Amino acid sequence: LSSMKESDDLKQTGMIEKITLKDYVGTGKHGESLHQPLNFTFEKNHLYLVKGENGSGKTTLIENLLHLTERYRGKIRLNGKDEWINDFTYVPSKPYISEFYNAEIHKGSDGQKKFFQFADLTREAGTVIILDEPTNYLDTDRKTELIQKINGLIRDHIVIVITHDPVFDVYKCDCDSLQLEKSS
């Protein structure tokens, strides 16, 4: 990815079947390793939970997958190639709904905004859906409903959930976990 020219970024479109991390290490602002090296593959039709302590590189992984930064060592390969494909949908941890987009939801609680944002952004999602702390601000009933909706997205998608919430363990979702271990 680091060899791609920025002008080519938006030209690369298509469906992502798999994302491979090879000796991947997210790095901090000063080049320090955030976690132990990872060798992992995300594949279509699967749900993945990415867990780790604060500061272990979860957000940096998202930023690198979305090609917002290149703070890493190792390789990120999309469909086995070192080229960028613009086929991602990202739902951030903090919900934001503009009053000009939906005035009623804009005035609602963070939980209402989060649930609306999830539904809105996943309606016509890319092949890769990244959900950052999707259960934040939700009560137990809404969390249950959201997990059912997330499970419904798995077909034809790679769904990556960044979470600290043990609710995913309680509901025994059919998923693989990637645990980021902080570098010492």
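For the structure, see preceding data.
## Points about helix H3 (residues 110–122)
Then comes step 1: A rise of 1.5 Å per residue sets the reference length of H3, with its 13 residues, at 18 Å; its end C-alpha atoms lie 18 Å apart and thus fit the reference within 8%.
Then comes step 2: Along H3, the positions that sit buried rather than exposed are Gly111, Lys113, Lys114, Phe115, Gln117, Phe118, Asp120 and Thr122.
Then comes step 3: Check the buried side of H3 and you find it contacts strand S5 (88–91), helix H2 (103–106), strand S6 (128–132) and helix H4 (140–153).

## Section: the nonpolar core
Then comes step 1: The biggest cluster of nonpolar side chains holds 26 residues, and the ones touching the most others in it are Ile19, Leu21, Phe42, Leu65, Phe88 and Ile160.
Then comes step 2: Put simply, the parts of the chain that give this core at least two residues each are strand S1 (18–26), strand S2 (38–43), strand S3 (46–52), helix H1 (58–65), strand S4 (72–78), S6, strand S7 (158–162) and strand S8 (176–180).
Then comes step 3: Ignoring sequence-local partners within four residues, the contact set of Leu65 consists of Ile19, Leu21, Ile76, Trp84, Phe88, Ile130 and Ile160.
Then comes step 4: Grouped together as the second largest cluster of nonpolar side chains are 18 residues, Leu49, Val91, Leu146 and Ile147 included.

## Side note on the packing of aromatic side chains
Describing an aromatic ring pair means giving the distance of the ring centres and the angle of the ring planes.
Then comes step 1: A complete count under the given rule lists six aromatic pairs for this structure.
Then comes step 2: When the ring centre of Phe115 is taken as reference, the NZ or CZ atom of Arg142 above it lies at 3.9 Å.

What counts, and where the lines are drawn
- Residues numbered from 1 in each chain as written.
- Predicted model: local features only at pLDDT ≥ 70, side-chain atom pairs only at ≥ 80, totals over all residues.
- Heavy atoms only, no water.
- Helix = DSSP H or I, 4+ residues; strand = E, 2+ residues; numbered from the N terminus.
- Expected span 1.5 Å × (residues − 1).
- Buried < 20%, exposed > 50% of the residue type's maximum accessible area, 1.4 Å probe, protein only.
- Contact = heavy atoms within 4.5 Å.
- Core = buried A, V, L, I, M, F, W, Y, C linked by side-chain atoms within 4.5 Å.
- Phe/Tyr/Trp six-rings, centres within 6.5 Å; stacked < 30°, edge-to-face > 60°.
- Lys NZ or Arg CZ within 6 Å of the ring centre and 35° of its normal.

That is the geometry; function is a separate question.
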